[in-house]
Amino acid sequence: MKHSSTANAAGPGRLGPALLLGLTSLFAPVAAAEAPPVTREAALQDDEAKERVDRAIEALRGGEYDLARAIVDRLYVDQQVASARAALAAADPFVAVSALDAALKVERLEKKERGQLLFLRGQAVFGAASLDTRWAALFGEAQENFVEASRSGAGVAAAFRASRAARMAGSGDEALDFARAAVRYVDGGEGRADGLDLDQHY
């Protein structure tokens, strides 16, 4: 379940004029008989996605390839995060991990956003490890995600969750170290301990 920071050739990392056709077909009209029922929120999100694609197309036509890439990358990451959150809400952490791994492959993620993605990935991996004793080894991977997230700005929440993951992985000393680090974050005014839902699996 390890993630990779290298964008694959078929992913969102490369853009050019040839993608104009692909972008315009992303949101091609769906026959009414095939269209699933949508909520108001979903319809608004779809409209926003279409607007972003339109902006990307205009940027491509104007030769602004970096801008088009940034718009498409942003849309891609947002969609993967939305999929991950929906999967977590449906108690399907493995699907969430897959979506987050895809988001983490996008190049030029800012440090803070990468930390947020790793934090969410840690929650998903922790959830997967909690499903069955067969997956218990994943607690160590969740710990790694939380530690990296903490270094990327996630702060106290990531440190507390790294502590819990370390404890579940059987690393009592590390669990205590991470808990102490979390307390230092709070004492230093760098984060707050409320609202962390630390009694939840993920």
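Since the model is a prediction, treat every value here as computed from it, not as a measurement.

(A) Structural context of the overall build of the protein chain. Counting its regular elements, the protein chain contains eight helices and zero strands. Along the protein chain, helices and strands appear, N-terminal first, in the series α-α-α-α-α-α-α-α. Here the protein chain holds 202 residues, and 39% of them are scored as buried. Nonlocal contacts in the protein chain, meaning residues at least 24 apart in sequence, comprise 63% of its contacts between residues at least 6 apart. Entry remark: accessible area of the protein chain is about 11,700 Å², with carbon and sulfur atoms responsible for 53%.

(B) Representation of a nonpolar patch on the surface within the structure. Nonpolar side chains collect at one region of the surface, where Phe 94, Leu 131 and Trp 135 lie side by side and expose about 270 Å² of accessible area between them. Secondary-structure assignment places Leu 131 in helix 5 (residues 111–131).

(C) Spotlight on the environment of Leu 131. Considering only alpha carbons, one finds Leu 131 and Ala 91, 40 residues apart in sequence, at a separation of 9.3 Å. In contact with Leu 131, not counting residues within four places along its chain, are Pro 93 and Phe 94.

Rules used throughout
Residues numbered from 1 in each chain as written. Predicted model: local features only at pLDDT ≥ 70, side-chain atom pairs only at ≥ 80, totals over all residues. Heavy atoms only, no water. Helix = DSSP H or I, 4+ residues; strand = E, 2+ residues; numbered from the N terminus. Buried < 20%, exposed > 50% of the residue type's maximum accessible area, 1.4 Å probe, protein only. Contact = heavy atoms within 4.5 Å. Areas by Shrake-Rupley, 256 points an atom, 1.4 Å probe, with all protein chains shown as cover. Patch = residues over 30% accessible without salt bridge, like charges linked within 9 Å, V, L, I, M, F, W, Y side chains within 5 Å. Salt bridge = Lys/Arg side-chain N within 4 Å of Asp/Glu carboxyl O.

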